[in-house]
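Structure at a glance
Residues per chain are reported as follows:
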Amino acid sequence: MSAEFADEKIRRGQVLRLQGRSEDAEAFFKQAIADDPEHAYAYFELALCLMDMEGHRKEALESIDRAIALEPEYSVYHATRAMVLSVLSRGKDALASADAAIQLDPNSAFARTSKARAYLVLERWAKAEACAREALTLNADDNSAGNILAMALRLQGKLEENADAVAQLLGDAPEDPLAHVNAGWSSLQRGDYKSAEHHFRESLRL
């Protein structure tokens, strides 16, 4: 019965997390863990929640580590660990976790995206571009990979390709704040300050 209670709280927490209500979601995930301390998926959801909260990234790492300790065979857990480590600016460790995720599931777009993110942290722009393209080949709707691709192209000075990538992002996800950040930087690099201001303001609004 405790597992059933935990599952219900996880579902409620997921809804709140997707609504951007991270603190409310965190409470439900922690309640789920209290109901079932061996529930790996609850730790995974808690890690996703904490990763987006300033000052809670180390706790996010502890949570995803617990999920992996309970269920080490899930690629998505290792890819999430890579994402958390990237947020913590631990690029080499993130790369190792991303490789572990890919080894478990070579066809995971998320694992490739997590590797691309690690390469961004390591300032290896060409590698980040290549991994982001691999992720998009596996899942053309992966907006995270699209944003990483746009960043990697801009940082390599590939401005025409960057402009195409940004246009694709804005077309596919006009409500994505990071897409507008990328569009703002692209505009700045072209010297179009009015457009850059518009996109940065739109990102803040979203």
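It should be emphasised that the depicted structure is a prediction, and the values quoted were computed from it without experimental measurement.

Regarding its fold elements, the chain presents twelve helices and zero strands. The order of helices and strands in the chain, counted from the N terminus, is α-α-α-α-α-α-α-α-α-α-α-α. The C-alpha atoms of the chain give a radius of gyration of 18 Å, which matches the 17 Å a tight globule of 206 residues would have. In terms of principal-axis extent, the alpha carbons of the chain reach across some 60 × 35 × 30 Å. In the chain, buried positions account for 46% of the 206 residues. Taking all contacts inside the chain whose residues are at least 6 apart in sequence as the whole, residues at least 24 apart take part in 50%. Within the structure as shown, the chain displays about 10700 Å² of accessible surface, and the carbon and sulfur contribution to it stands at 50%. Separation between the mean location of the 24 positive side-chain charges and that of the 34 negative ones in the chain comes to 5 Å.

Moving on, we get to the packing of aromatic side chains. Evaluated as defined, the whole model comprises four aromatic pairs. Measuring from ring centre to ring centre gives 5.3 Å for Y41 and F44, while their planes differ by 45°; the resulting arrangement is tilted. Residue Y41 and its partner F44 are both found in helix 3 (residues 40-51); the two are separated by three residues, about one turn of the helix. Of the residues examined, F44 reaches a relative accessible area of 7% and is grouped as buried. Their ring planes at 80° and their centres at 5.9 Å tell us that W185 and F200 sit as a pair that is edge-to-face.

Quick notes on the rules
Residues numbered from 1 in each chain as written. Predicted model: local features only at pLDDT ≥ 70, side-chain atom pairs only at ≥ 80, totals over all residues. Heavy atoms only, no water. Helix = DSSP H or I, 4+ residues; strand = E, 2+ residues; numbered from the N terminus. Rg over C-alpha atoms; globule rule 2.2 N^0.38 Å. Buried < 20%, exposed > 50% of the residue type's maximum accessible area, 1.4 Å probe, protein only. Contact = heavy atoms within 4.5 Å. Areas by Shrake-Rupley, 256 points an atom, 1.4 Å probe, with all protein chains shown as cover. Lys, Arg positive; Asp, Glu negative; His and termini not counted. Charge placed at Lys NZ, Arg CZ, Asp CG, Glu CD. Phe/Tyr/Trp six-rings, centres within 6.5 Å; stacked < 30°, edge-to-face > 60°.

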